[in-house]
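# Structure assessment
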Amino acid sequence: MKRLILFIFILGLTKLNAQIHEVGVFLGGSNYIGDVGKTNYINPNELAFGLLYKWNKSPRHAWRISYTQSKITANDLDSKVPGRYKRGYDFENNIKEISAGLEFNFFDFNLHDFEKKLTPYIYTGLSYTNYDELYVINGETKTDINHGTFSIPMTVGLKTNITPNFIVGFEVGARYTMTDNLDGSLPKNENLEPLKFGNINSKDWYVFSGFTLTYTFGEKPCYCAD
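Overview of the structure. (Residues numbered from 1 in each chain as written. Predicted model: local features only at pLDDT ≥ 70, side-chain atom pairs only at ≥ 80, totals over all residues. Heavy atoms only, no water.)

What follows concerns the overall build of the protein chain. Each helix and strand in the protein chain was counted, giving two helices and eight strands. When the helices and strands of the protein chain are listed from N to C terminus, the series reads α-β-β-β-α-β-β-β-β-β. For the protein chain, with 226 residues in total, the buried portion stands at 44%. Long-range contacts, defined as pairs at least 24 residues apart, comprise 68% of the intrachain contacts of the protein chain with a sequence gap of at least 6. For the protein chain, the accessible area works out to roughly 12300 Å², and carbon and sulfur atoms hold 62% of it. (Helix = DSSP H or I, 4+ residues; strand = E, 2+ residues; numbered from the N terminus. Buried < 20%, exposed > 50% of the residue type's maximum accessible area, 1.4 Å probe, protein only. Contact = heavy atoms within 4.5 Å. Areas by Shrake-Rupley, 256 points an atom, 1.4 Å probe, with all protein chains shown as cover.)

Here we take up the environment of Glu 46. Mapped onto the elements, Glu 46 comes out in strand β2 (residues 46-56). Distance in space between the C-alpha atoms of Glu 46 and Gly 28 is 8.4 Å, their sequence separation being 18 residues. Leaving out residues up to four positions away in the same chain, Glu 46 has contacts with Gly 28, Gly 29, Ser 30, Ser 70, Lys 71, Ile 72 and Thr 73. A distance of 2.9 Å separates the side chain of Glu 46 from the side chain of Thr 73, its partner in a polar contact. (Polar contact = N/O pair within 3.5 Å; in protein donor to acceptor, adjacent residues only side chain to side chain.)

Here we take up the nonpolar core. Ranked by internal contacts, the top residues of the largest apolar core, which has 16 residues, are Tyr 32, Val 36, Ile 72, Phe 91, Ile 95 and Phe 208. Going through the elements one at a time, β1 (21-33), β2, β3 (61-75), β4 (90-105), β5 (118-137) and β8 (205-217) are the ones with two or more residues in this core. The biggest single contributor to this core is β5, with three residues. Phe 91 has contacts with Tyr 32, Val 36, Ile 72, Thr 73, Ala 74, Leu 134, Thr 141, Leu 182 and Asp 183, leaving out every residue within four places of it along the chain. (Core = buried A, V, L, I, M, F, W, Y, C linked by side-chain atoms within 4.5 Å.)

When you line up the elements, Asp 132 lands in strand β5. Of note is the side chain of Asp 132, whose polar atom sits 3.0 Å from the side chain of Asn 146.

On to the packing of aromatic side chains. Under the definition given, this model contains ten aromatic pairs. Geometrically, the ring pair formed by Phe 26 and Phe 208 is tilted, given 6.3 Å between the ring centres and 55° between the ring planes. With Phe 26 in strand β1 and Phe 208 in strand β8, this pair connects stretches of sequence that are 182 residues apart. By the burial criterion, Phe 26 is buried, and Phe 208 matches it. A ring pair is formed by Tyr 32 and Phe 91, whose centres lie 4.8 Å apart and whose planes are at 80°; its orientation type is edge-to-face. You can see Tyr 32 sitting in strand β1 and its partner Phe 91 sitting in strand β4, a full 59 residues away along the chain. Accessibility classification places Tyr 32 together with Phe 91 in one group, the buried group. Over the face of the ring belonging to Tyr 123 we find Arg 64, whose NZ or CZ atom lies 4.6 Å from the ring centre. (Phe/Tyr/Trp six-rings, centres within 6.5 Å; stacked < 30°, edge-to-face > 60°. Lys NZ or Arg CZ within 6 Å of the ring centre and 35° of its normal.)

And the structure:
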């Protein structure tokens, strides 16, 4: 606790004209898109939270890394698709994601200009997602093994500075995964192959929607005039 207080105190002494880094949190919701349940693209139904770091290289772009985790759930009984509703499958999975890539601002977002700023932005890169391999037998979803997959994040957002040191944003980020088994529809285990169902030619998606809050600090970047 003493070290945490000292760290916060040191950050508070950082000169306002020496900001390049951002650290902060993400809080929002998640939803899944695949072979079970609703087909809505943005429909957060489970809590999602995480941490993020940005290294602002210019007023227009920043390198970004984040860790986010959530539970994803879906139930065929919530679907308006007759075949799914009649089938009645449901599942629950836990996902933990590490993501790294580039965030691009549509308007200049200079951290050394302390006037109010507002810009839309997009983010993409590469994510690695840890999840449980599932399968469905006799209408019940079972867990096989823990596994991982790469995914491509596609995020759009809007952010503004609420104080010289704090930035708040809202974003929606879809992840196109390299697996079709977040829901148990296509088990990797060859012994479970007869249990596969759904569209085996499409991959699963999940979406994080929510707010970010970051604190800015660090060395003066080269893009600022002296």
